[in-house]
Amino acid sequence: GKIIERKVRLGDMVKAGQIGALLDPSDVEKNVASAQAQLDAASHTYAFAKQQLDRDRAQARENLIATAQLEQTENSYASALAQRDQTQQQLALAKNQLRYAARAADHAGTITAEQADPGQNVSAGQAVYQLAWSGDVDVVSDVPETALASLAPGHAASVTLPSLPGRSFRPKVREIAPAADPQ
């Protein structure tokens, strides 16, 4: 669909479920209305087929109609039932697609890239934003072989970063990768 509004910008923090962009819903709304009309018609056909089946079964018990006529009515009923079920699924799909007109963040995080602009048409699955997870942060560090004996997964460590002088972090070791730097 066509992006009609972006509600967040590069660097913004978003919460899970927060709307980030709106797509033009008019085409999808028309699909929902069309699917609803098809379901209404199929439901009417199904109700008529059910009434006809009930009548023909009653008449068949009294030997008032031929077996072939009852079988034909049962076939019409089965077809009407399948058509009604199919149109129910089409309506559910159309309503589901309508929900996608409001693009929401699936997790909390920070917008790290804008990949589509208002007025642009996007296809299903195309990214509008790039969202970095908030919460736990992984730090990858090279450790001298002599220090490996003091580290184990789950143990506390101390991390200081040159870019944040005076700050120290107390993470837990999650993994020790067996790869060694050849230098």
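From a predicted model like this one, the values you see are computed outputs, not experimental measurements. (Residues numbered from 1 in each chain as written. Predicted model: local features only at pLDDT ≥ 70, side-chain atom pairs only at ≥ 80, totals over all residues. Heavy atoms only, no water.)

Participant: Could you give me a rundown of the overall build of the chain, with the residues and numbers involved?
Facilitator: What the chain contains, in helices and strands, is 2 helices and 8 strands. Shown N-terminal to C-terminal, the secondary structure of the chain runs as helices and strands in the order β-β-β-α-α-β-β-β-β-β. The C-alpha atoms of the chain give a radius of gyration of 31 Å, which is well past the 16 Å a tight globule of 183 residues would have. Taken along the three principal axes of its C-alpha coordinates, the chain extends 95 × 45 × 30 Å. (Helix = DSSP H or I, 4+ residues; strand = E, 2+ residues; numbered from the N terminus. Rg over C-alpha atoms; globule rule 2.2 N^0.38 Å.)

Participant: How would you sum up the sheet that holds strand β4 (residues 102–104)? Please name residues and give values.
Facilitator: Two orientations exist for strands paired in a sheet by backbone hydrogen bonds: parallel and antiparallel. Pairing in this open sheet of 3 strands is antiparallel, and the strands run β1-β3-β4 from one edge to the other. Both outer strands of the open sheet, β1 (3–6) and β4, are each paired with one neighbouring strand and no more. Taken pair by pair, the neighbouring strands of this sheet meet at an average axis angle of 20°, ignoring direction. Strand direction decides the pairing type here: strand β3 (residues 19–23) and β4, joined by 3 bridges, are antiparallel. Residue pairing across strands places Ala21 opposite Arg103, the latter belonging to β4. (Pairing = 2+ DSSP bridges. Axes fitted to C-alpha atoms, helices over the stretch in contact; angles between N-to-C directions.)

Participant: Tell me about the packing of aromatic side chains, and please be specific about residues and values.
Facilitator: Tallying each qualifying case throughout the model produces 1 aromatic pair. Seen in terms of ring centroids, Tyr46 and Tyr77 are 5.5 Å apart; in terms of plane orientation they differ by 35°. Their pairing is tilted. With Tyr46 in helix α1 (residues 26–61) and Tyr77 in helix α2 (residues 67–99), the pair connects residues that are 31 residues apart, well separated along the chain. Note that Arg84 overlies the ring of Tyr46, its terminal NZ or CZ placed 4.4 Å from the centroid. Arg99 extends its terminal NZ or CZ atom over the ring of Tyr100, reaching a point 5.7 Å from the ring centre. (Phe/Tyr/Trp six-rings, centres within 6.5 Å; stacked < 30°, edge-to-face > 60°. Lys NZ or Arg CZ within 6 Å of the ring centre and 35° of its normal.)

Participant: With reference to specific residues and values, describe the packing of α1 against α2.
Facilitator: Two numbers describe how α1 lies on α2: the axes approach to 8 Å, and their chain directions differ by 160°. As judged from the angle between their axes, α1 and α2 are roughly antiparallel. Relative to α2, α1 is oriented so that their crossing is left-handed. Across the contact of α1 with α2, the residue classes break down as 16 nonpolar, 14 polar and 7 charged. (Parallel < 35°, antiparallel > 145°, perpendicular 65-115°, else oblique. Left-handed = near helix turned anticlockwise from the far one by under 90°. Nonpolar A, V, L, I, M, F, W, Y, C, P; charged D, E, K, R; others polar.)

Participant: An account of the nonpolar core is requested, with residue identities and associated values reported.
Facilitator: Formed by Ile3, Val8, Val14, Ala21, Leu23, Ala101, Ala105, Ile111, Ala116, Val122, Val128 and Tyr129, the largest nonpolar core amounts to 12 residues. With sequence-adjacent residues up to four places away left out, Val8 is seen in contact with Val14, Gln18, Ile19, Gly20, Ile111, Glu114 and Tyr129. Membership of the second largest hydrophobic core comes to 7 residues, among which are Tyr46, Ala49, Ile65 and Ala80. (Core = buried A, V, L, I, M, F, W, Y, C linked by side-chain atoms within 4.5 Å. Buried < 20%, exposed > 50% of the residue type's maximum accessible area, 1.4 Å probe, protein only. Contact = heavy atoms within 4.5 Å.)

Participant: I'd love a proper account of the sheet that holds strand β5 (residues 109–114), names of residues and values included.
Facilitator: With respect to topology, 3 strands assemble into an open sheet ordered β2-β5-β6, the strand pairing being antiparallel. Edge positions in the sheet fall to β2 (13–14) and β6 (129–133), since each has one partner strand and no second.

Participant: Give a description of the confidence of the model for the chain that names residues and reports values.
Facilitator: Taken over all residues, the pLDDT of the chain has a mean of 91, while the share at 70 or more is 98%. At the low end of the mean pLDDT range in the chain sits strand β7 (residues 159–160), at 85; at the high end sits α1, at 97. (pLDDT = per-residue confidence, 0-100.)

Participant: Break down α1 for me, citing the residues and quoting the values.
Facilitator: With 36 residues, α1 should cover 52 Å at 1.5 Å per step; its first-to-last C-alpha distance of 52 Å lies within 8% of that length. In the stretch just after α1, Asn63 is the one whose phi turns positive, near 60°. (Expected span 1.5 Å × (residues − 1).)

Participant: Can you tell me about the side chain of Thr73, naming the residues and giving the values?
Facilitator: Tracing the chain through its elements places Thr73 in helix α2. When neighbours within four sequence positions are excluded, Thr73 is seen to be in contact with Gln52, Leu53 and Asp56.

Participant: Tell me about α2, residues and numbers included.
Facilitator: Its 33 residues place the ends of α2 48 Å apart at the C-alpha level, agreeing with the 48 Å of an ideal helix rising 1.5 Å per residue. Lining the buried residues of α2 we find α1.

Participant: Residue-level account of the side chain of Asp56, with values.
Facilitator: When you line up the elements, Asp56 lands in helix α1. Despite being buried, Asp56 has no salt bridge partner; Arg55 is the closest side chain of opposite charge, sitting 5.7 Å away. With residues up to four places along the chain from it excluded, the contact list for Asp56 reads Ile65, Gln69, Leu70 and Thr73. (Lys, Arg positive; Asp, Glu negative; His and termini not counted. Salt bridge = Lys/Arg side-chain N within 4 Å of Asp/Glu carboxyl O.)

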